[in-house]
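What follows is each chain in one-letter form.
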Amino acid sequence: MRMRLVPWAWVVVLMAAAAVAMLLSGRALVCGCGSVRLFSAAAETAEVSQQFTDWYTPSHLVHGLLLYGAAWLALPHLALAWRMVAAVAVEALWEVIENADPIIGRFRAEAAELGAVGDTVLNAEGDILAMVAGFWLARLLPVWASAALAVALELLAFWAIGDGLVLIVLRRILPAAVPGG
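Sequence order as written defines the numbering, with residues in each chain counted from 1. A pLDDT threshold of at least 70 governs which residues receive local features in this predicted model, and a stricter bar of 80 or more applies before side-chain atom pairs are shown or counted, although totals over entire chains, interfaces and linings include all residues. By convention in this description, side-chain values take in all heavy atoms of the structure and omit both hydrogens and water.

Asker: I'd love a proper account of the overall build of the chain, names of residues and values included.
Answerer: Per the secondary structure count, the chain includes 7 helices and 2 strands. Runs of E in the DSSP output that reach at least two residues are strands. Runs of H or I that reach at least four are helices, and both are numbered from the N terminus. Order of helices (α) and strands (β) in the chain, N terminus to C terminus: α-β-β-α-α-α-α-α-α. In the chain, which comprises 181 residues, the proportion classed as buried is 41%. Any two residues having at least one pair of non-hydrogen atoms within 4.5 Å are treated as being in contact. In the chain, once contacts between residues fewer than 6 apart in sequence are set aside, the share between residues at least 24 apart is 69%. Total accessible area on the chain stands at roughly 10000 Å², and carbon and sulfur atoms take up 75% of it. For the exposure calls, accessible area comes from a 1.4 Å probe over protein chains only, and a residue counts as buried if that area is under 20% of its type's maximum, exposed if over 50%, partly exposed in between. All accessible areas in this document rest on Shrake-Rupley with a 1.4 Å probe, and a residue is counted as covered only by the protein chains that are shown.

The following block contains the structure:
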């Protein structure tokens, strides 16, 4: 029984390490707006990525679907729980890098009028947990359903805020061809 908890303990350690790294790099723990909420619908304001979840959370669920597949391919002999730990390590590292000053500076330059300040630690932790949820959904769903869910989540984000994981990637690869790039 105890051995089953060890991977989950590593998840907690990785999430705590990401939180500490973000705090040390100057990220705020919670929104400076004075409130802490489960969800923020603010997409084009300085409050984006400041609450526990927001319209970018679906992209982190998609990360989980993708990281499940990547771990299944790259680490086939590793127990499922340890594949999850590997996925959490990747997502936690992503959150720290994504919120590093040079990356945030680039986002600020692209959306200066919105006052983008990067994720709060609270939002980054919510993003990591969303990835874990996506990882386990991918474990439960057939591949076709995972793919359909990823498309549906991307469409939801596009409908709600005109953005999503696919558009973010395309803007980096083909900035002149994608609106907002």
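Asker: Please provide a residue-by-residue account of the pattern of salt bridges, values included.
Answerer: The salt bridge criterion pairs a side-chain nitrogen of Lys or Arg with a carboxyl oxygen of Asp or Glu, the two atoms within 4 Å. A complete count under the given rule lists 1 salt bridge for this structure. Across the pair aspartate 101 and arginine 27 runs a salt bridge, and its minimum N-O distance is 2.7 Å. In this pair, aspartate 101 sits in helix 4 (residues 101–110) while arginine 27 sits in the loop between helix 1 (2–24) and strand 1 (39–40), placing the two residues 74 residues apart along the sequence.

Asker: Give a description of the packing of aromatic side chains that names residues and reports values.
Answerer: When two rings of Phe, Tyr or Trp (its six-membered ring) have centres within 6.5 Å they constitute a pair, described as stacked for plane angles under 30 degrees, edge-to-face for angles over 60, and tilted for the intermediate range. Tallied over the entire structure, the rule returns 4 aromatic pairs. Summarising the aromatic geometry, the rings of tryptophan 8 and tryptophan 136 are spaced 6.3 Å apart at their centres and angled 20° between planes, so their arrangement reads as stacked. Separated by 128 residues along the polypeptide, tryptophan 8 in helix 1 and tryptophan 136 in helix 5 (residues 121–140) bring together distant segments of the chain. When its relative accessible area of 39% is taken as the criterion, tryptophan 8 is described as partly exposed. The exposure class assigned to tryptophan 136 is partly exposed, which follows from its relative accessible area of 25%. Both rings, one in phenylalanine 39 and one in tryptophan 55, keep their centres 5.3 Å apart while their planes meet at 85°; by these two values the pair is edge-to-face. Residue phenylalanine 39 is located in strand 1, and its partner tryptophan 55 is located in the loop between strand 2 (53–54) and helix 2 (57–74); the two are separated by 16 residues in the primary sequence.

Asker: Let's hear about the layout of surface pockets: which residues, and what values?
Answerer: Of the grid points, spaced at 1 Å and generated over the protein atoms alone, those admitting a 1.4 Å probe that cannot get out make up cavities, while open sets with protein on both sides within 12 Å along at least five of seven lines make up pockets; any residue with an atom within 4 Å of a point is treated as lining. Grid points are joined across faces, edges and corners, and a volume is the space filled by probe spheres set on the points. Quantified by volume, the second largest pocket comes out at close to 260 Å³. Residue assignment for the lining of the second largest pocket shows that the elements contributing at least two residues are helix 2 and helix 6 (143–161). Counting residues per element, the lining of the second largest pocket draws most heavily on helix 2, which supplies 5 residues. Throughout this entry, Asp, Glu, Lys and Arg are counted as charged residues, while Ala, Val, Leu, Ile, Met, Phe, Trp, Tyr, Cys and Pro are counted as nonpolar. The remaining residues, Gly among them, count as polar. Tallied by class, residues from the lining of the second largest pocket come to 10 nonpolar, 2 polar and no charged.

Asker: Give a detailed account of the nonpolar core, specifying residues and quantitative values.
Answerer: Among buried residues, the Ala, Val, Leu, Ile, Met, Phe, Trp, Tyr and Cys ones that are joined through side-chain atoms within 4.5 Å form a nonpolar core. If you look at the biggest cluster of nonpolar residues, it comprises 22 residues, and the most contacted ones within it are Val11, Met84, Val88, Ile128, Met131 and Phe135. Looking at this core, the elements with two or more residues in it are helix 1, helix 2, helix 3 (80–98), helix 5 and helix 6. When neighbours within four sequence positions are excluded, isoleucine 128 is seen to be in contact with Met15, Ala18, Val88, Glu91, Ala92 and Glu95.

Asker: Before we move on, can you summarise the packing of helix 3 against helix 5 with the specific residues and values?
Answerer: In a packed pair of helices, the relevant descriptors are the angle between the two axes and the axis-to-axis distance. Comment: axis = line fitted to C-alpha atoms, over the contacting stretch for helices; angle = value between 0 and 180 degrees taken between N-to-C directions. For the pair helix 3 and helix 5, the least separation of the axes is 10 Å and the interaxial angle reads 145°. For the pair helix 3 and helix 5, the sense of crossing is right-handed. Across the interface between the two elements, Leu80, Arg83, Met84, Ala87, Val88, Glu91, Ala92 and Glu95 from helix 3 touch Ala124, Asp127, Ile128, Met131, Val132, Phe135, Trp136 and Arg139 from helix 5. Of the residues in the contact of helix 3 with helix 5, the class split is 11 nonpolar, no polar and 5 charged. Note: crossing handedness is left-handed where the near helix turns anticlockwise from the far helix by less than a right angle, and right-handed where it turns clockwise.

Asker: I'd like a description of the state of the cysteines, backed by residues and values.
Answerer: Our working definition of a disulfide is a cysteine sulfur pair at a distance within 2.5 Å. Tallied over the full model, the rule gives 1 disulfide. The partner cysteine of cysteine 31 in its disulfide is cysteine 33, sulfur to sulfur 2.5 Å. For cysteine 31, a relative accessible area of 8% gives the class buried. Judged by its relative accessible area of 41%, cysteine 33 is partly exposed.

Asker: Give me the lowdown on the side chain of asparagine 99, citing residues and values where you can.
Answerer: One can find asparagine 99 in the loop between helix 3 and helix 4. There is a polar contact of 2.8 Å between the side chain of asparagine 99 and the backbone oxygen of glutamate 95. Apart from residues lying up to four places away in sequence, asparagine 99 is in contact with Met22, Arg27, Ile104, Gly118 and Asp119. Residues adjacent in sequence count toward polar contacts only when both atoms are side-chain atoms; beyond that, a polar contact is any pair of N or O atoms within 3.5 Å, and within protein one must be able to donate a hydrogen and the other to accept it.

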